[in-house]
Amino acid sequence: MAASNPSRLAYIDWMRGLACVLMFQTHCYDSWLDPAARQSRFFMYSQLGGTFPAPLFLFLAGISFALVTEKLWKKNLLPAQIARATVRRGAEVFAFGLLFRLQEYLIAWGWAPLSDLLRVDVLNTIGLSMMLMGVLCWLVLALALHRGAQARLALILASAGTALLISLLTPPLWTTWRPHWLPWPLESYINGVHNLGVPQAWLFPIFPWTAFAFAGLACGFILQSDWARQHEALIFSVLGVGGLVFVAASRWLYLQPRQLYAVYDYWHTSPNFFLIRVGMLLMILTVSYAWCRWVIEKQRLGQWGFSPLIQLGQASMLVYWVHLEFVYGRVSILPKHAQTIRGASFGLLTIFLAMLALAFLRTRFKGRGAEMIARFRSPARAN
């Protein structure tokens, strides 16, 4: 199932757009609500919704990475060539993450600490995840004897196994196995310790966040198989049911009286919590596919209108980058920590519409710079 642009898959953009909306509401209410409103049940559910954007972005990065690798694979490129192209793209995203931190530091000049330049943000982790996935795919493809179903199965198993391993290693790397011998900027990429002495749950280190990217990579290779392409509705239904099984298994494991780890933190490092979130990601993936396949495509919205979520998803990095300044930065559109739920909701609507307009302009004029310059120049030449 293709979107209006055949080179893109609509459900992937729709899920990215959903992640953007959840991100907007989380950041807006966190930045603007006054202390009384922050004690409400409304704020609690808002922040619970905020646990989804980062896993969604990373999971979708894994799926997209599988699609790109698949295209390069079918061009009969060597494993080293595929790795070079994909790792380079990951390095570019990682560089964008560093550039974003530099921008934030310069805008907040005078009160932001210098250590903010080295904060591990989600863009950094997405870039690192892409580079690590490139290395994994290179190793698997280089060792594969053939480029058929066996190689695909090896990629799926290696990706899923890596996701599981990262999840299982997270609790000790945050507690009893902490790499204290590393400088804090490097250790922060392992467990998010930053310069605060203990791991911070609000950062995005490799453990556990990269596991979501590898889970998406496994899912992406499954979706690109010949059988899955021929039975799309069935495979997405199976993934949705698999998500329910993961959620049930996570709850069963949580209720067991014995735990594997000396320090158990369900909400931040537990493999059980990782499992339930992967299950929910798979269910969201199924719902996204169903919505785009049987609602958007059936109504042919791509011909006479557009989907706001798909539009946001097609420019997700840009709207992520820009909206933070208007929510948390010095140019915040509302006074921080001073709004009622109603006032903050109005601000959220403003941010949503502004970012939707920005995404529309971004996708409409992408790659048309030379054409626009030519239009401006042509009247002058006529004169």
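Keep in mind that what you see is a predicted model, and the values were worked out from it rather than measured.

Regarding the nonpolar core
Core analysis: the biggest nonpolar cluster contains 95 residues, and F24, L217 and L285 have the highest contact counts within it. When neighbours within four sequence positions are excluded, L285 is seen to be in contact with Y11, M15, F59, I63, C219, L223, F236 and L239.

Regarding the packing of aromatic side chains
Evaluated as defined, the whole model comprises 17 aromatic pairs. With centroids separated by 6.5 Å and ring planes inclined at 40°, the aromatic side chains of W14 and W291 adopt a geometry described as tilted. Taken together, the positions of W14 in helix α1 (residues 10–32) and W291 in helix α11 (residues 271–299) put the pair 277 residues apart, joining distant regions of the chain. On the accessibility criterion, W14 (12% relative accessible area) is buried. Aromatic side chains F100 and W321 sit 5.2 Å apart centroid to centroid with 75° between the ring planes, which places their arrangement in the edge-to-face category. Here the residue F100 occupies a position in helix α4 (residues 79–107), and W321 occupies one in helix α14 (residues 316–327), the gap between them amounting to 221 residues. Accessibility assignment for this pair places F100 and W321 in one class, buried.

Focus on a nonpolar patch on the surface
Together, F96, L99, L102, L106 and W109 make up an exposed nonpolar region whose accessible area comes to about 500 Å². Relative to the helices and strands, L106 is located in helix α4.

Regarding the environment of I276
With respect to the helices and strands, the residue I276 is situated in helix α11. Its relative accessible area of 17% is what places I276 among the buried residues. Sequence separation of I276 and G110 is 166 residues, and the distance between their C-alpha atoms is 42 Å. Setting aside its immediate chain neighbours within four residues, I276 contacts V247, S250 and Y266.

What to know about helix α15 (residues 341–365)
With 25 residues, α15 extends 36 Å from end C-alpha to end C-alpha; this agrees with the ideal 36 Å at 1.5 Å per step. If you check which residues of α15 are buried, you get A344, G347, L348, I351, M355, L356 and A359. At its buried positions, α15 is contacted by α1, α13 (308–313) and α14.

Description of the packing of helix α6 (residues 149–174) against helix α8 (residues 206–223)
Look at α6 against α8: their axes get within 8 Å of each other, and the N-to-C directions meet at 165°. The angle between α6 and α8 places the two elements in the roughly antiparallel class. For the pair α6 and α8, the sense of crossing is left-handed. Taken together, the residues of the contact of α6 with α8 sort by class into 18 nonpolar, five polar and one charged.

Considering the side chain of E104
Looking at the element boundaries, E104 is found in helix α4. Put simply, E104 is tucked away with no salt bridge, and the nearest opposite charge, on R101, sits 5.0 Å away. Within the local environment of E104, its side chain forms a polar contact with the side chain of Q103, the two groups lying 3.4 Å apart.

A closer look at unusual backbone geometry
In the segment running from F207 into P208, the intervening peptide bond is cis, with an omega of 15°. Mapping P208 onto the fold places it in helix α8. Although it is not a glycine, N76 adopts a positive phi angle of roughly 65°. Within the fold, N76 resides in the loop between α3 (53–74) and α4. Positioned with a positive phi, H337 is a non-glycine residue whose angle comes to about 55°.

Parameters and conventions
Residues numbered from 1 in each chain as written. Predicted model: local features only at pLDDT ≥ 70, side-chain atom pairs only at ≥ 80, totals over all residues. Heavy atoms only, no water. Core = buried A, V, L, I, M, F, W, Y, C linked by side-chain atoms within 4.5 Å. Buried < 20%, exposed > 50% of the residue type's maximum accessible area, 1.4 Å probe, protein only. Contact = heavy atoms within 4.5 Å. Phe/Tyr/Trp six-rings, centres within 6.5 Å; stacked < 30°, edge-to-face > 60°. Helix = DSSP H or I, 4+ residues; strand = E, 2+ residues; numbered from the N terminus. Patch = residues over 30% accessible without salt bridge, like charges linked within 9 Å, V, L, I, M, F, W, Y side chains within 5 Å. Areas by Shrake-Rupley, 256 points an atom, 1.4 Å probe, with all protein chains shown as cover. Salt bridge = Lys/Arg side-chain N within 4 Å of Asp/Glu carboxyl O. Expected span 1.5 Å × (residues − 1). Axes fitted to C-alpha atoms, helices over the stretch in contact; angles between N-to-C directions. Parallel < 35°, antiparallel > 145°, perpendicular 65-115°, else oblique. Left-handed = near helix turned anticlockwise from the far one by under 90°. Nonpolar A, V, L, I, M, F, W, Y, C, P; charged D, E, K, R; others polar. Lys, Arg positive; Asp, Glu negative; His and termini not counted. Polar contact = N/O pair within 3.5 Å; in protein donor to acceptor, adjacent residues only side chain to side chain.

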